[in-house]
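# Secondary and tertiary structure notes
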Amino acid sequence: MKMAIKTYTEQLEEVQIAITAIVSGAQSYQLNGRILTRASLSSLQKREEYLRKMVSLYESESLTTVSKSPFTISRISPKW
């Protein structure tokens, strides 16, 4: 099974879904006789904070990538 690398935005959405599930009372649940426990709320909140910063950083980077370049190409001449 091939797994795709998820964007920060996709990861943020997943973390927020997990936080919502925990807050609504689904910290742990039973499935096929096994008890499953989700990550702690505090660890998910820390991850959410990190992902929010990364999403913000990449959004601002994509808007200013050209202006941050120290190089300006004014003319390209082929050498024939």
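As a starting point, this report considers the structure included with it. Everything numeric here is computed off the predicted structure, so don't read it as measured data. (Residues numbered from 1 in each chain as written. Predicted model: local features only at pLDDT ≥ 70, side-chain atom pairs only at ≥ 80, totals over all residues. Heavy atoms only, no water.)

## Some words on the pairing of strand β1 (residues 28-31)
Here β1 runs beside strand β2 (residues 34-37); their pairing, made up of four bridges, is antiparallel. Opposite leucine 31, over in β2, you have arginine 34 as the bridge partner. Hairpin geometry of β1 and β2 is characterised by an intervening segment of two residues between the two adjacent antiparallel strands and by a positive phi of about 55 degrees at asparagine 32. (Pairing = 2+ DSSP bridges. Helix = DSSP H or I, 4+ residues; strand = E, 2+ residues; numbered from the N terminus.)

## Quick look at the nonpolar core
Counting eight residues, the largest nonpolar core is built from Leu12, Val15, Ala18, Ile19, Ile22, Leu44, Leu51 and Val55. Taken together, the elements giving at least two residues each to this core come down to α1 (8-23) and α2 (41-64). Residues within four places of leucine 12 in sequence aside, it is in contact with Glu48, Leu51, Arg52 and Val55. (Core = buried A, V, L, I, M, F, W, Y, C linked by side-chain atoms within 4.5 Å. Buried < 20%, exposed > 50% of the residue type's maximum accessible area, 1.4 Å probe, protein only. Contact = heavy atoms within 4.5 Å.)

## Things to note about the packing of aromatic side chains
In total, this model carries two aromatic pairs according to the counting rule given. Judged by centre distance (5.5 Å) and plane angle (35 degrees), the rings of tyrosine 8 and tyrosine 58 are tilted. One end of the pair, tyrosine 8, is in helix α1; the other, tyrosine 58, is in helix α2, and 50 residues separate them in sequence. Residue class for tyrosine 8 comes out partly exposed when judged on its relative accessible area of 27%. Joined through ring pairs, the aromatic side chains of Tyr8, Tyr50 and Tyr58 make up one cluster. (Phe/Tyr/Trp six-rings, centres within 6.5 Å; stacked < 30°, edge-to-face > 60°.)

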